[in-house]
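Descriptive analysis of the structure
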Amino acid sequence: MEQQYNRAKWWQLLMFVFNNTASNIYLMTLMYVSYYANGVAGLGVAFVSNIIMLSRFWDGLTDPVIGFIVDKTNGKFGKFRPFMLLGNLIMLGTIMLMFTTTHLVPAGFRGVYWIALYLIYIIGYTFQNSATRGGQTVLTNDPKQRPMFARIDSIINALLMTGLTVYITSYLAGKHGGFTAGLFIELISVLGPASLTLTILAIIGIWEKDQPKNYTALGKSASYGFKDIFRIIKGNKAIQMLVVAASTDKLASQIRGNATVCIMLYGIVIGNYGLYSKMSMITLVPNMILIVVGTSVASKLSSKKATVIFTWVSIIFTTLLAALFIFGDPTKISLENVGFMTVAFILLYIFANGSTGITTGLATPMIADCADYELYKSGNYAPALMGTVFGFFDKVVSSFASTIVGYCVILIGFKEKLPTAQDPYSTPLFWMTMFLFIGTPLIGWICTLTAMKFYPLDKEKMIEVQAKIADIKKAA
């Protein structure tokens, strides 16, 4: 008899994706935190880079604790909904204060004030993201539908990234004359309410599914104790390999998309920073098409198989992109005078960036697969723990992005300030840009391919996993 899956309605899937969008709004805003902290608040480049990196040890303490709390929650308001709202409110308050008041604090206390807000922000981010990753286990367990979360999420993130890039670099920066205090005040006053609205819509989307009846029947629902957390992680090979693959990809993506690296590439190497926001718009539709193709492959062949395929696509086209910059003349890349360099750059970037978006997006539904795998193996329903374990390593590794970029630009002479589009071109700057924009992603993708060799959840294994979970529910 054909297995019956718990499936979500299309609108539930769409609206629950907004929970991730809500937290990503703040994550993308923090890509510009160095420009506020350094240029507006007067905090040093090395200081900001070190704090962002060191704050992840705070994540090490809070992530498993928060995952444990969420897994133990079975109240009338559900397991995930309370933490979606609480997490977003914490982020709203801390980000608003961080970007609008730090520069007003006396210089002697400014660094401590900024650090405190950043640490509290991390708690809110973990709350909301543990719900995103764990909530998928009650939303749907259909192996063909779960990749659709990645499709919707990746398309929305592409729109969000493009929209924010254009809004910040083309509109706000022009309006306020650069990354000024006024720019950040206006930015937060717009993005804060938008993020909160998306969170409320996501709560509506998961309302019907986030009910105690849907998870208290799962055998030993959250029966593990706090002391069992590390035993569970040690015994779940799927989450271990996913963490290696996704966190190295995330680190590379954060470095490549870092505001400083984009200024170095577009503003100095190419010599046209305005092209940056235009490229986001040019690649938007092709990226969406690639995302649809990629998630269709995942639905048919498994998320694991799709991750391997599109990681290879990323490697191939990024290598060709490197050759274009090294052997060609980057200054000829221009939308005003379109030639071979422009056409080649756009095409290679579309395939390299689009395939990267596919693998990044698939990581989120794969966390739910890892949670189901834990239930299959041990009988413990620990979706939030799987999400926070993933989140901890993902954030710890990706936190090195700003630090790596900061120290890399210090190595080529930018000790007191970050590079701007007005800085002159130099050979050391070119090769450092190539390392940050192309070299680090290639390293991350090699790590991904290695991890996927040992990731156990292929198509056949997930069918077996869901069949056993169905039996657990029947027995309960």
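Right above here is the structure, for reference.
So, a few notes on the structure that sits alongside this text. (Residues numbered from 1 in each chain as written. Predicted model: local features only at pLDDT ≥ 70, side-chain atom pairs only at ≥ 80, totals over all residues. Heavy atoms only, no water.)

**Examining the overall build of the protein**
Per the secondary structure count, the protein includes 18 helices and 2 strands. On C-alpha atoms alone, the protein measures out to a radius of gyration of 22 Å, which is about the 23 Å that the 2.2 N^0.38 rule sets for 476 residues. Across its three principal directions, the C-alpha atoms of the protein cover 70 × 50 × 35 Å. In the protein, which comprises 476 residues, the proportion classed as buried is 61%. Long-range pairs, those at least 24 residues apart, make up 85% of the contacts in the protein with a sequence separation of at least 6. (Helix = DSSP H or I, 4+ residues; strand = E, 2+ residues; numbered from the N terminus. Rg over C-alpha atoms; globule rule 2.2 N^0.38 Å. Buried < 20%, exposed > 50% of the residue type's maximum accessible area, 1.4 Å probe, protein only. Contact = heavy atoms within 4.5 Å.)

**So, the pattern of salt bridges**
Evaluation of the coordinates by the stated rule reveals 9 salt bridges. A salt bridge links Asp210 to Arg81; the nearest nitrogen and oxygen atoms lie 3.2 Å apart. A residue pair is termed long-range when its members are at least 10 positions apart, and Asp210 in the loop between helix H8 (181–206) and strand E1 (220–221) and Arg81 in helix H5 (residues 81–101) qualify at 129 residues. Across the pair, exposure class does not vary: Asp210 and Arg81 are buried alike. (Salt bridge = Lys/Arg side-chain N within 4 Å of Asp/Glu carboxyl O.)

**Quick look at the packing of helix H14 (residues 340–378) against helix H15 (residues 383–398)**
Close contact between H14 and H15 brings their axes to 8 Å; oriented N to C, the two are set at 135 degrees. Here H14 lies oblique to H15, going by the angle between them. In the packing of H14 onto H15, the handedness of the crossing is right-handed. Mapping the contact onto sequence places Ala363, Ile367, Cys370 and Ala371 in H14 and Pro383, Met386, Gly387 and Phe390 in H15. (Axes fitted to C-alpha atoms, helices over the stretch in contact; angles between N-to-C directions. Parallel < 35°, antiparallel > 145°, perpendicular 65-115°, else oblique. Left-handed = near helix turned anticlockwise from the far one by under 90°.)

**Things to note about a nonpolar patch on the surface**
Among the surface-exposed residues, Trp10, Trp11, Leu85, Leu89, Ile200 and Ile204 lie close enough to one another that they form a single nonpolar patch of about 590 Å² accessible area. Elements represented by at least two residues in the nonpolar patch include exactly helix H1 (10–29), H5 and H8. (Patch = residues over 30% accessible without salt bridge, like charges linked within 9 Å, V, L, I, M, F, W, Y side chains within 5 Å. Areas by Shrake-Rupley, 256 points an atom, 1.4 Å probe, with all protein chains shown as cover.)

**Examining the packing of aromatic side chains**
For the coordinates displayed, the defined rule picks out 22 aromatic pairs. With centroids separated by 6.2 Å and ring planes inclined at 50 degrees, the aromatic side chains of Phe16 and Phe149 adopt a geometry described as tilted. Placement of the pair is Phe16 in helix H1 and Phe149 in helix H7 (residues 146–176), with a sequence separation of 133 residues. A relative accessible area of 0% places Phe16 in the buried class. For Phe149, a relative accessible area of 1% gives the class buried. Summarising the aromatic geometry, the rings of Tyr32 and Phe179 are spaced 5.7 Å apart at their centres and angled 25 degrees between planes, so their arrangement reads as stacked. (Phe/Tyr/Trp six-rings, centres within 6.5 Å; stacked < 30°, edge-to-face > 60°.)

**Notes on helix H16 (residues 400–411)**
Here H16 spans 16 Å end to end across 12 residues, near enough to the 16 Å set by a 1.5 Å rise per residue. Residues of H16 that are buried include every one of Ala401, Ser402, Thr403, Val405, Gly406, Cys408, Val409 and Ile410, and no others. A positive phi of about 110 degrees marks Gly413, the residue just after H16. (Expected span 1.5 Å × (residues − 1).)

**Some points on helix H10 (residues 237–257)**
Compared with an ideal rise of 1.5 Å per residue, which puts 21 residues at 30 Å, H10 spans 30 Å between its outermost C-alpha atoms and is within 8% of the ideal. The element H10 is extensively covered by neighbouring structure, given that 16 of its 21 residues are classed as buried. Near the N-terminus of H10, the side chain that reaches the backbone nitrogen of Ala238, with its oxygen 3.2 Å away, is that of Asn236. (Polar contact = N/O pair within 3.5 Å; in protein donor to acceptor, adjacent residues only side chain to side chain.)

**Some thoughts on the environment of Pro64**
When you line up the elements, Pro64 lands in helix H4 (residues 56–72). Accessibility expressed as a relative area gives 15% for Pro64, which makes it buried. Residues Pro64 and Ala322 lie 258 residues apart in sequence; the distance between their C-alpha atoms is 40 Å.

**Describing the nonpolar core**
Core analysis: the biggest nonpolar cluster contains 150 residues, and Met98, Tyr266, Phe325 and Phe345 have the highest contact counts within it. Per element, the largest residue contribution to this core is 17 residues, and it comes from H14. Excluding residues that lie within four positions of it along the chain, Tyr266 makes contacts with Gly271, Asn272, Tyr273, Leu275, Tyr276, Met279, Phe345 and Tyr349. (Core = buried A, V, L, I, M, F, W, Y, C linked by side-chain atoms within 4.5 Å.)

**Describing the environment of Phe317**
Note that Phe317 resides in helix H13 (residues 303–327). A sequence separation of 34 residues divides Phe317 from Phe351, and the C-alpha atoms of the two residues are 6.5 Å apart. With sequence-adjacent residues up to four places away left out, Phe317 is seen in contact with Leu348, Phe351 and Ala352.

**A few points about the state of the cysteines**
For the structure shown, the criterion picks out 0 disulfides. Unpaired in this structure, Cys447 has its nearest cysteine sulfur neighbour in Cys408, at a distance of 17 Å. (Disulfide = S-S within 2.5 Å.)

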